[in-house]
Each structure stands twice: as C-alpha cells, then as structure tokens.
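In case you want the letters, here they are:
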Amino acid sequence: KVFLSFFLSLSFLSAPLHNQMAFRCLHTCPFSCRRETALMKQVGSHPEYRKRSIRAPTTSSAASSHSVMERVLSERINDWVGGRYAKDFAQAYNTGVQNLWVNDAGSGSGGHIVLCRSENKLISDRLASELEDCSLNFQTCSLAYEDYKGSLELREAVCEYVKKNIVGGSKSAEDVVASDICISAGCGVVIENLVLALCDFSDVALVPAPYYSSFDRDLGMRAGVSIECVYHSKRAEAAAAGEEEEEQLSLAVEDFEAAYQKVKAEGGVPKVVLLTNPHNPLGIVYSQKDLMDVLVWAEQRKLHVISDEIYANSIYDHSGDEGSAFTSCIELGRRCVSSGSMTESFRRNFLHCVFGFSKDFGASGLRIGCVHTSNPEILTAWNALGYSCAVSTHTQYVLTNLLKREDFVSSFLEENKKTLREAANVLKQALKEAGIPFVVPRA
C-alpha cells in the first residue's frame, strides 16, 4: 500500500496523463544505498563518536572491489555514490532524461518515464510564458554578488507570498518578515544547511516513516546526521477498528518518544524532528492537533523541528473537517504559544519552516528553496552556509517579478490544483478497476 500510495501522491499524479512527466521512485536509488556504511565509517572515526550503532548495509563494500590505488573518489564520497549498480544506474538515468516520454499523439509511443525524479509539468507552458515576460529589463546591478540569504527584494516578495498562500492570512502572518527568510538553491540544500547549523556530527534526526528517500543524503552526506524512523505503532489496531487510512497514519507522541528513547539507549544524540506536511510520499495531510502535540513534545525534549512544507500549495482534496486542513507550522507554533503549551522562545528559536517553488510551481529547474526561521544564530550562519548554494541573481530577479504578480500567482496555483485533482481521479479509478489497494492521497 505504501508503494502504491506513492503512485497516487503529489506530482506523480500528473505524469502518465500529461506531457513530459517524470517521477521519483519511493525506493532509495542504488548509488545512495551505501549511506549506512558511509555514516558508520564517518561516525566511527570521529572524535565525538558516541557509540551510536548504525546498521551495516546488505551489499558488499565498494572498496572491496577496488583497491585504494584504483579508487579515484575519497572513501567517504565513494560510499555515498559508489556501489555495485552505480554505473548502470547512471547510464540508465542519462539515457532516460535524454529521451523523455511526451504525451503527443503525433510523436509515437517512444520515450522514457524516469521513476527517480518528481516533476510537475501539468501547466509548465503557462508558467514558462509568464517567466519569459518577467525576465525583461534585467538590471546591470543584478550581475554583482548578492546577499547569500537572497536579495532583499526577493525575500520581501516571498514574505508576501507566504502570508497569502501558506499561512493564509492567519494571525501568524504578522510573524512572517523578510529578515526571517533565507533562500538557497532548492529545499534539499536548505534542509542540509539547517542540519549543518543545528547538529553535531553523528547526531540523529527523528523522521516519521515512510519518508522521502533523499533525506538520507540531505542529512547524512555532509552533516553526518543519521535518521531514526518513527513508526506508526498502532496502525494495525486502527485498521482493525475500521479507521480511515489517513487516521491510521496519524502522528502520535508515543511513537516519537519510542524513537527518542531507542536512540538514547544506543548512545546516540537526538537533535532534530523532521516532518513533511503534506506528506511525501503518502500525499496525506497531518491533523492540526497531532502536529501541535508533536511540537509541544519536541520542546519538552529540547529538539529542533524542521517542517518541510514543499507541497503546501499542491493540495487538491480539501475534504474533511477544519482540523484536518493543512496548517503551516508557522501558524501552529503561534497557536501553541497562545494556548500556553509552548514558550515563545521555543517557537522563535526551534521551529523552522521549509518551502519552495519546485513542486507547487513545477519549477524544479529554477532551484529555489526557502526557510522561515526566527533563530538569529541560524540567520547569521546563513551568510556562510549560503555561499556555495546561492540562487543566481537572474533567477532571483525573475522570481521577484513573478511573485509581485499576485493575481497570476493565485490563478496559477488554483489551476495547478485543478489539474492535479483531475489526474488523481483518473488514476484512482484505474487502480480501483484493477483491484489494486492504495492509500488515498489529498496532495
């Protein structure tokens, strides 16, 4: 069911029904399956090693098939990108992206669907036309170096976008200011920068399972942070009681506490909770109550919370009561403070909301990811963290102009949800007719 829900969730839905859609596979790609060996070697040799046990991979070490003299890459990187199938995978991937499948009756049936890439191209043509117009009158001054957190003009435009389209005009809109926003080349590197800033080598992140497989690389390759899965311990019981699939997969504080205690018992240091809402790969939306309970628990355990909300505007099913509607952690933190269940200090310094334009805008190639955080130390550190992953000034100029066209942005996001809903309905009906069970997604 988990695997099939991936085929229904998020931007995958657009792929088989429209042009040039490629999807991300739920399974870890072959050359990243060595992540546990890499972490084991990195942690084991680190002076601050805390005897955190990391499971060894089932495949043989890449170093065993090549002597040190033959190996070109460093041992650390080779363990992340090497492996038995690395070259075959790279060749297959390159072949696929060079000849993508296109939904064009006149082009024949050739082309490939790449299962390890997630891109929403349902309404790319409309966006491309608008971006072309937004790139006019490019200023000479934009050829110079810019603030590594993003230009002030772009951060101000993103700030207004968040107020209207992510926190939805709630009271927390007052808390969203341009000075608390950092922008880098994609949400993956934004999350990587956050764990680099917050975690020591060999620290652990608690992540509800299943999760986006590239989190292993985002957290582990440079920062040396491993993932401890948070499992849904009462799912079988909930299923037997006839609860809906989304309820069976809800967040429970006791599951986070179990994962936390497991890490501590193994000598590890839990440092971060990483949430994804709407969820990738399941496409479900967590309830406001469950999320708030986790946030309150995180403060009790003094854990930072990173909320990945990259699909915040790709929710096409708004059925359910108000409590099940998507609500950003920016707003939920404010509610926790108002209720007295969370301190203002924790909200400002330990809650970090990540979002971007790769999925909701189908613009993954522009490489624009953002984080909203009020932690002054992170904001200062981003001047260095953002150096190697800054967004080009031309892209910043174009996106700034696009976001200022608020009427276009609103209509574009609504059209995107509509086309995603239509694609989802077609695919769900096909699966039902084939007798294939699946988790019903909302995004």
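In what follows, the structure referred to is the one given above.
Everything quoted here is computed from the prediction, not taken from an experiment.

Draft legend 1. Region of the structure containing the environment of Pro278. Relative to the helices and strands, Pro278 is located in the loop between strand S4 (270–276) and helix H13 (288–300). Given a relative accessible area of 0%, Pro278 falls into the buried group. A C-alpha to C-alpha distance of 6.4 Å links Pro278 and Glu309, two positions 31 residues apart in sequence. Apart from residues lying up to four places away in sequence, Pro278 is in contact with Ile284, Val285, Tyr311, Ala312, Ile315, Phe326 and Ala443.

Draft legend 2. Looking closely at the sheet that holds strand S3 (residues 226–230). Read across the sheet, seven strands follow the order S1-S7-S6-S5-S4-S2-S3 without closing on themselves; strand pairing throughout is mixed. The strands lining the two open edges of the sheet, one partner per strand, are strand S1 (181–184) and S3. Within the sheet, the average angular offset between the axes of one strand and its neighbour, ignoring direction, is 25 degrees. As defined by bridge partners, S1 adjoins strand S7 (residues 369–372) across four bridges and the pair is classed as antiparallel. What sits directly across from Cys182, in S7, is Val371. Packing of helix H7 (residues 152–165) onto the sheet brings it into contact with S1, strand S6 (351–356) and S7, and relative to S1 it is tilted by some 110 degrees. Contacting strand S2 (204–208), S3 and S4, helix H12 (residues 253–265) crosses the sheet at an angle of about 140 degrees to S3.

Draft legend 3. Structural context of the packing of helix H17 (residues 393–404) against helix H18 (residues 406–433). Relative orientation of the contacting elements H17 and H18 amounts to 85 degrees, with a least axis distance of 5 Å. Taken together, the axes of H17 and H18 are roughly perpendicular relative to one another. Residues Leu402, Leu403 and Lys404 of H17 touch H18, and the partners they reach there are Glu406, Phe408 and Val409. In the contact of H17 with H18, the residues fall into four nonpolar, no polar and two charged.

Parameters at a glance
Residues numbered from 1 in each chain as written. Predicted model: local features only at pLDDT ≥ 70, side-chain atom pairs only at ≥ 80, totals over all residues. Heavy atoms only, no water. Helix = DSSP H or I, 4+ residues; strand = E, 2+ residues; numbered from the N terminus. Buried < 20%, exposed > 50% of the residue type's maximum accessible area, 1.4 Å probe, protein only. Contact = heavy atoms within 4.5 Å. Pairing = 2+ DSSP bridges. Axes fitted to C-alpha atoms, helices over the stretch in contact; angles between N-to-C directions. Parallel < 35°, antiparallel > 145°, perpendicular 65-115°, else oblique. Nonpolar A, V, L, I, M, F, W, Y, C, P; charged D, E, K, R; others polar.

Without other data, these values stay purely geometric and don't point to any function.
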